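Single-letter residue listing:
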Amino acid sequence: MDAFKDMYDVVMSRRAEPQEGSYTCYLFEKGLDKILKKCGEECTEMVIAAKNSDKEELVGEINDLLYHMIVLMAERGVTVEDVEAVMVERSRKIGNLKQFHVSDHNT
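Figured I'd write up the structure that's included with this text. Since we're looking at a predicted model, the values are computed, not measured. Each chain has its residues counted from 1, following the order in which its sequence is written. For this predicted model, a pLDDT threshold of at least 70 governs which residues receive local features, and a threshold of 80 or more governs which side-chain atom pairs are given and counted, while totals over whole chains, interfaces and linings are taken from all residues. Calculated side-chain values reflect all of the structure's heavy atoms, with hydrogen atoms and water omitted.

A short note on the overall build of the chain
Link 1 in the chain: Strands here are runs of E lasting at least two residues and helices are runs of H or I lasting at least four, both read from the DSSP assignment and numbered beginning at the N terminus. Along the backbone of the chain there are five helices and zero strands.
Link 2 in the chain: The criterion used for residue contact is that any of the two residues' heavy atoms lie within 4.5 Å. Within the chain, residue pairs in contact and separated by at least 24 positions form 61% of the contacts whose partners lie at least 6 positions apart.
Link 3 in the chain: Surface exposure of the chain reaches about 8,300 Å², of which carbon and sulfur atoms provide 54%. To measure how exposed things are, a 1.4 Å probe is used in the Shrake-Rupley method; for residues, cover is taken only from the protein chains shown.

Looking at helix α4 (residues 55-76)
Link 1 in the chain: Look at α4: 31 Å from first C-alpha to last across 22 residues, which is about the 32 Å you get at 1.5 Å a residue.
Link 2 in the chain: Only protein chains enter the accessibility calculation, which uses a 1.4 Å probe; a residue whose area is less than 20% of its type maximum is buried, one above 50% is exposed, and one in between is partly exposed. Every buried residue belonging to α4 is among Glu61, Leu65, Tyr67, His68, Ile70, Val71, Met73 and Ala74, and all of these are buried.
Link 3 in the chain: Along its buried surface, α4 packs onto α1 (2-16), α2 (23-30), α3 (32-51) and α5 (80-91).
Link 4 in the chain: Any N or O atom pair separated by 3.5 Å or less is treated as a polar contact, with the protein-specific requirement of one donor-capable and one acceptor-capable atom, and with residues adjacent in sequence counted only for side-chain atom pairs. N-cap assignment for α4: the residue whose side-chain oxygen lies 3.3 Å from the backbone N of glutamate 56 is aspartate 54. By definition here, a helix of n residues has an expected span of 1.5 Å times n minus one.

Observations concerning the state of the cysteines
Link 1 in the chain: Note that a disulfide, as used here, is simply two cysteine sulfur atoms within 2.5 Å. Under the criterion given, the structure shown has zero disulfides.
Link 2 in the chain: The thiol sulfur of cysteine 43 is not disulfide-bonded, and the nearest other cysteine sulfur, from cysteine 39, lies at 8.8 Å.
Link 3 in the chain: Cysteine 43 sits in the partly exposed class, given a relative accessible area of 33%.

So, the packing of aromatic side chains
Link 1 in the chain: Side-chain rings of Phe, Tyr and Trp, where Trp is taken by its six-membered ring, are said to pair if the distance between their centres is within 6.5 Å; with planes under 30 degrees apart they count as stacked, over 60 as edge-to-face, and otherwise as tilted. Here the structure, examined in full by the defined rule, presents two aromatic pairs.
Link 2 in the chain: Here tyrosine 23 and tyrosine 26 contribute two aromatic rings whose centre-to-centre distance is 6.0 Å and whose plane-to-plane angle is 25°, an arrangement assigned as stacked. Of this pair, tyrosine 23 and tyrosine 26 both sit in helix α2, three residues apart, which is roughly one turn of the helix.
Link 3 in the chain: By relative accessible area, which is 33% here, tyrosine 26 ends up partly exposed.
Link 4 in the chain: One aromatic cluster is present, formed by Tyr23, Tyr26 and Tyr67 through successive ring pairs.
Link 5 in the chain: Put simply, a charge is over a ring when the Lys NZ or the Arg CZ is close to the ring centre, within 6 Å, and near the line of the ring normal, within 35 degrees. Over the ring of phenylalanine 28 we find arginine 15; its NZ or CZ atom is 5.4 Å from the centre of that ring.

What to know about the packing of α2 against α4
In a packed pair of helices, the relevant descriptors are the angle between the two axes and the axis-to-axis distance.
Link 1 in the chain: A fitted line through C-alpha atoms represents every axis, and for helices the fit uses only the stretch in contact; the resulting angles, taken between N-to-C directions, go from 0 to 180 degrees. The contact between α2 and α4 brings their axes to 11 Å, and the two run at 50°. In terms of their interaxial angle, α2 and α4 are classed as oblique. Once α2 is placed against α4, the crossing between them reads as right-handed. Across the interface between the two elements, Tyr23, Thr24, Leu27 and Phe28 from α2 touch Tyr67, His68, Val71, Ala74 and Glu75 from α4.
Link 2 in the chain: Across the contact of α2 with α4, the residue classes break down as six nonpolar, two polar and one charged. For this classification, under 35 degrees means roughly parallel, over 145 means roughly antiparallel, 65 to 115 means roughly perpendicular, and everything else is oblique. In a left-handed crossing the near helix is turned counterclockwise from the far helix by less than a right angle, and in a right-handed crossing that turn is clockwise. For this classification, the nonpolar set comprises Ala, Val, Leu, Ile, Met, Phe, Trp, Tyr, Cys and Pro, the charged set comprises Asp, Glu, Lys and Arg, and every other residue, Gly included, is treated as polar.

Let's talk about the packing of α3 against α4
Link 1 in the chain: As a packed pair, α3 and α4 sit with axes 8 Å apart at the nearest point and diverge in direction by 160°. The orientation of α3 relative to α4 falls into the category roughly antiparallel. Once α3 is placed against α4, the crossing between them reads as left-handed. Contacts from Leu32, Ile35, Leu36, Lys38, Cys39, Glu42, Cys43, Glu45, Met46, Ala49 and Ala50 of α3 reach α4 at Glu57, Leu58, Glu61, Ile62, Asp64, Leu65, His68, Met69, Val71, Leu72, Glu75 and Arg76.
Link 2 in the chain: Residues of the contact of α3 with α4, tallied by class, amount to 14 nonpolar, one polar and eight charged.

As structure tokens, this is what we get:
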């Protein structure tokens, strides 16, 4: 995930040294609500692209969502290493099925 880390580094750089005209800086300037709104929009666009079975569009929307998630990570103090540590932990659990609670819909 070198590209993910590289993008995170660029976002952190923009946060530390704002550049005029930077979309990333604009998002930081507008704050958490704007960042969250963009994450929601991009997530919805990704779902629609997946539904439409357009791989090229889907890949683009996934990248848009990942970018906005990286901005959110930076805003909230989450590092790539934080996310990676959980991902590694969860990858060790692959094959372990969760037990779901079965409810009785007749009562």
